[in-house]
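As a plain string of letters, each chain reads:
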Amino acid sequence: MSAPQPYVGLALHAVVSLAIALGMVGVAAWMRYRAKRPPQVRYETYECGEEPFGTARARIPVGFYLIALLFLLFDVEAAFLFPWVRELGNLGILAFWEMVIFLGILLLGWFYALRKGDLRWIR
Amino acid sequence: MILQTGVRIGVVFGVLITIVAYMTLAERKVSAWMQDRYGPNRVGPRGLLQPFADVLKLLLKEDITPRHVDRWLYTLAPAMIVIFALTAFSVIPFHPSFVIADIPVAVLFLLAAASMDTYGLILAGWASHSKYPLLGGLRSAAQVISYELPVALSFASVVVLTGSFSLLDIQDFQHRYVWLLIPNILGFVIHLVAAFAETNRAPFDLPEAESELVGGYHTEYASMRWALFFLGEYLNMAVAASVITVLYLGGWYGPFQPGFWWFFLKVAAILFLYLWVRFTFPRFRYDQLMNLCWKVLIPLGLVNLIWVTALRLWLF
């Protein structure tokens, strides 16, 4: 059983990272140039020289949603994979064939998504 | 013990910030040489002080917060990218006697830290409350989570061969047998390509494709908060290069004098590859990018996993 020591280092490192990142934002907010009377148009939403119109909370392409769903599927697969790959040396041949079957079923799911056109971006 | 760790963290951050600062200069210089120009050569001898001038300039610029943004998330998003990029370095073994946190699940930790970066990008796009940043943020989120899967499969193939999640054990394995580049060449190539996409670098820099999205997720940002996005991007490149070095190229081991030198040499070589590719290849189209991931890299990754498993069971 390993000592908690490495995790103390990890926590310390994470805290220092946090401090550095927030510190940079803070220093930037403190040192920035302050315009005396800035023109109000400066605070408009940027739309490439056009007058801004409408809201940005518009409908977005459904492809992004499908990708998120597929990602969930395959990420859960990865979560299942990792304990298996770690213990493979101790488990032997049977575990190998079991995982081949598991990956085969997943590839079948991937093939289904492909045939349904979920992976096609031009629709 | 705490003190020693603290000193190490200080050294790592000092070296990192210097490397990142000079990466920006190297990028401009290398691109200049590839295009038959001089590049920046006015600040200091041969332009060597250029990064400091850039940082000062960015700090002193007017920092505009547009009226329609979600203030909290808008300020937090660039910091988040930097935080998670910096945190990933805690588990990288630069040398057997110089690793900040040798945790037994380092591989999983790296995967987690890499995926947390998505939050910074998508929050920046969402909080800007503007059309271009939102599209850029969505694109980058879809791109980064998609390419996380090939990376996860490559990590898995490395763990299959070495049987450990600890990066020090993986180094030992490569020292005793062979660099994992040799038996796991397919995993290495998949990881390298996916690393380019995960760090939003050319030829996969779709989230900030300036010809169609203005600036992508950082369109509404100015001054130092804008620069933090790029700090995060360069830090992520350094993380990706270090991870590839540790997992496939044998880390600090080398033919003559094993040590820090080899580690930094290999990392520098991969970082140079980033620049080389950027100024050699044109940008992909978004559907090509997604096809490459879902129709090529993920099936290849699964096949590679089965291949290395067979190798492990029947060879070692």
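A. Summary view of the overall build of chain A. Summing up its helical and strand segments, chain A has three helices and zero strands in all. What you see in chain A, going N to C, is helices and strands ordered as α-α-α. In summary, chain A has a C-alpha radius of gyration of 25 Å against a globular reference of 14 Å for 123 residues, an excess of more than 25%. Principal-axis analysis of the C-alpha atoms gives chain A an extent of 75 × 55 × 15 Å. Across the 123 residues that make up chain A, the buried fraction comes to 15%.

B. Broad picture of the nonpolar core. Residues and elements named next belong to chain B. The biggest cluster of nonpolar side chains holds 117 residues, and the ones touching the most others in it are Val82, Leu110, Ala156 and Leu228. Element by element, the count of residues in this core is highest for helix 5 (residues 131–162), at 19 residues. If we ignore the near neighbours within four places in the chain, the residues touching Leu110 are Ala88, Val91 and Val243.

C. Molecular detail of the environment of B:Ser166. Residues and elements named next belong to chain B. Looking at the secondary structure, you find Ser166 in the loop between helix 5 and helix 6 (167–176). The spacing of Ser166 and Leu60 is 106 residues in sequence and 43 Å in space, taken between C-alpha atoms. Residues within four places of Ser166 in sequence aside, it is in contact with Asp102, Pro104 and Ala106.

D. Highlighting the interface of chain A and chain B. Between chain A and chain B, the contact holds 54 residues from the first and 60 residues from the second. Those elements that place two or more of their residues in the side of chain A that touches chain B are helix 1 (5–31), helix 2 (62–91) and helix 3 (93–116) of chain A. Broken down by element, the residue count for the side of chain A that touches chain B peaks at 21 residues, all from helix 1 of chain A. In the side of chain A that touches chain B, the residues fall into 41 nonpolar, seven polar and six charged.

E. Summary view of unusual backbone geometry. Residues and elements named next belong to chain B. For Arg46, which is not a glycine, the phi torsion comes out positive at approximately 55 degrees. Note that Arg46 resides in the loop between helix 1 (2–34) and helix 2 (50–60). Backbone geometry at Asn200 places phi at a positive 60 degrees, although glycine is not the residue there. Relative to the assigned elements, Asn200 resides in the loop between helix 7 (185–198) and helix 8 (210–213).

Cut-off values and rules
Residues numbered from 1 in each chain as written. Chains lettered and ligands numbered in written order. Predicted model: local features only at pLDDT ≥ 70, side-chain atom pairs only at ≥ 80, totals over all residues. Helix = DSSP H or I, 4+ residues; strand = E, 2+ residues; numbered from the N terminus. Rg over C-alpha atoms; globule rule 2.2 N^0.38 Å. Buried ≥ 20, exposed ≤ 12 C-beta atoms within 10 Å, placed from the backbone. Core = buried A, V, L, I, M, F, W, Y, C linked by C-beta atoms within 7 Å. Contact = placed C-beta atoms within 7 Å. Nonpolar A, V, L, I, M, F, W, Y, C, P; charged D, E, K, R; others polar.

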